[in-house]
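Structure at a glance
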Amino acid sequence: MDPAQEAQNRETFRQAVTNTLERRLFYIPSFKIYRGVAGLYDYGPPGCAVKSNVLAFWRQHFVLEENMLEVDCPCVTPEVVLKASGHVDKFTDLMVKDEKTGTCYRADHLLKDFCKDKLERDPNLPAEKAAEFRHVLAVLDDLSSEELGAKIKEYGITAPDTKNPLSAPYPFNLMFQTSIGPSGVSPGYMRPETAQGIFVNFKDLYYYNGNKLPFAAAQIGQAFRNEISPRQGLLRVREFTLAEIEHFVDPEDKSHPKFPDVANLEFLMFPREDQVAGRSARRINIGEAVAQGVVNNETLGYFIGRVYLFLTHLGIDKDRLRFRQHLANEMAHYAADCWDAEIECSYGWIECVGIADRSTYDLRAHTVRLT
Ligand SMILES: Nc1ncnc2c1ncn2[C@@H]1O[C@H](COP(=O)(O)OP(=O)(O)OP(=O)(O)O)[C@@H](O)[C@H]1O
């Protein structure tokens, strides 16, 4: 089937599924009677039931089976915590503005849409150009602000709704700001991740664990990100439930006693080198990936394996599940190595779980702030 027809069929199928889910109240655009707010959704009765089943299984698979220490921390977080963690200065996406209307777009999304559209819908695209667009898609997350701006200019990309020219890309902080208390002098943010609640409690949790490493702490709760232009339905929203684990390990010894339990698993992996070279994801044995240094250490490998088991038990097709290593620039400000579990759906490969070796970044950051 030609690519344009395939893209059209995918769109029609997705529309049908979306309509059914909305009609049956799996989810509803929030504040719909007031015309809604982009990126905010309510779950109706069946949606609540699915969500609560998934979270119950998550708690069983990770927290209970691994004896993790569960915590439950506030969503409103004082600025000092998120300043120390780096989120105030670095939790940004690159944004471009329609120069006439001021409408904002995520710069990387516009470039991605442009390249995908050319590849899918232009039957006369020369092979050389097709290879170039494929390369841009492969390294998209690695592009700097200047490189993104240059590509947008080179390809003549304009605002999707008006075709007006776009500004140069600039960073936009994704956190919702607020103030704590009536005086307005105590700034705070709605947490963009639940992990910081675990890090600031590290000392007490370590004590609770008998002053012994390794141990893991877990938290399920709401996270808030003021996404620039949310789309893709429930996949990219401004408030969502995160289930996070922080596993604390001796930085000099990242072996994991239960690694042999997962070492024989084999699944699709997409290491950094393969992405840059334009190769496809391939089946790799996780034991070998760790032995060859493709995955940095046993602890990271163990959790990649456990996430694979979690997702496939939930019913995710193993042929549509891959673990993709972050490119060098793509990694969040805190990560030393990072692998995303991505699931292929009608929007393409979508990140569903991030598994990062955050090294000592967070504990150091809070320690430095307090000394
Ligand atoms: N706006 C969002 N809406 C829904 N889920 C999200 C959103 N942002 C992140 N997630 C999910 O939370 C997980 C952990 O977030 P993480 O900080 O790793 O995302 P991220 O790498 O910042 O996302 P991206 O780079 O795509 O913006 C992701 O794997 C993703 O599944």
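So, here is what we can say about the structure in this document. As the structure is a computational prediction, the values presented were derived from the model and not from experiment.

Taken together, 3 strands build an open sheet; the order of strands is S4-S9-S8 and the sheet is antiparallel. Looking at which strands have only one partner, the edges of the open sheet turn out to be strand S4 (76–78) and strand S8 (177–179). Going across the sheet, the axis of each strand differs from the next one's by a mean of 40°, ignoring polarity. Bridge count between S4 and strand S9 (residues 187–190): 3 bridges; the pairing is antiparallel. From the neighbouring strand, Thr-77 faces S9, where its bridge partner is Tyr-189.

Right, let's get into the layout of surface pockets. Where empty space is left can be seen by rolling a probe of water-molecule size over the atoms. Here the second largest pocket defines a volume of roughly 270 Å³. In this structure, the second largest pocket is lined by Val-80, Val-81, Ala-84, Phe-199, Val-200, Phe-202, Lys-203, Leu-363, His-366, Thr-367, Arg-369 and Leu-370. For the lining of the second largest pocket, the secondary-structure elements that each account for two or more residues are helix H3 (79–84), helix H9 (202–208) and helix H14 (361–370). Top element by residues in the lining of the second largest pocket is H14. It accounts for 5 residues. Split into classes, the residues belonging to the lining of the second largest pocket amount to 8 nonpolar, 2 polar and 2 charged. Split by domain, the lining of the second largest pocket shows at least three residues from each of two domains, domain 1 (48–91 + 174–248) and domain 3 (249–370).

The tally for this structure, following the rule as stated, stands at 16 aromatic pairs. Look at Phe-202 and Phe-215: their rings are 5.9 Å apart centre to centre, the planes differ by 20°, and that puts the pair in the stacked class. Remark: Phe-215 occurs in strand S10 (residues 215–224) and Phe-202 occurs in helix H9; sequence separation between them is 13 residues. For Phe-202, a relative accessible area of 19% gives the class buried. Accessibility expressed as a relative area gives 5% for Phe-215, which makes it buried. Centre to centre, the rings of Phe-267 and Phe-323 are 5.0 Å apart; their planes meet at 50°, and the pair counts as tilted. Residue Phe-267 is located in strand S12 (residues 266–270), and its partner Phe-323 is located in strand S14 (residues 321–325); the two are separated by 56 residues in the primary sequence. Here Phe-323 falls in the buried class, since its relative accessible area comes to 0%.

All right, on to the environment of Ala-336 then. Looking at the element boundaries, Ala-336 is found in the loop between S14 and strand S15 (337–345). Separated by 23 residues in the primary sequence, Ala-336 and Ser-359 have C-alpha atoms spaced 6.1 Å apart. Discounting residues that sit within four places of it in the chain, Ala-336 has contacts with Met-331, Asp-357 and Ser-359.

This part takes up the sheet that holds strand S7 (residues 170–173). Taken in spatial order, the 3 strands make up an open sheet running S6-S5-S7, and their pairing is antiparallel. The sheet terminates laterally at strand S6 (104–106) and S7, the two strands that pair on one side only. Strand-to-strand, the axes of this sheet are offset by a mean angle of 55°, without reference to chain direction. In the sheet, strand S5 (residues 92–97) pairs with S6 via 3 bridges, with the strands oriented antiparallel. Paired with Val-96 across the two strands is Tyr-105, which belongs to S6. Sheet strands in contact with helix H5 (residues 107–121) are S5 and S6, and its direction is about 65° off that of S6.

About the criteria used
- Residues numbered from 1 in each chain as written.
- Predicted model: local features only at pLDDT ≥ 70, side-chain atom pairs only at ≥ 80, totals over all residues.
- Heavy atoms only, no water.
- Pairing = 2+ DSSP bridges.
- Helix = DSSP H or I, 4+ residues; strand = E, 2+ residues; numbered from the N terminus.
- Axes fitted to C-alpha atoms, helices over the stretch in contact; angles between N-to-C directions.
- 1 Å grid on protein atoms, 1.4 Å probe; cavity = no way out; pocket = protein on both sides within 12 Å on 5 of 7 lines; lining within 4 Å.
- Points joined across faces, edges and corners; volume = space filled by probe spheres on them.
- Nonpolar A, V, L, I, M, F, W, Y, C, P; charged D, E, K, R; others polar.
- Domains from an automatic or database assignment.
- Phe/Tyr/Trp six-rings, centres within 6.5 Å; stacked < 30°, edge-to-face > 60°.
- Buried < 20%, exposed > 50% of the residue type's maximum accessible area, 1.4 Å probe, protein only.
- Contact = heavy atoms within 4.5 Å.

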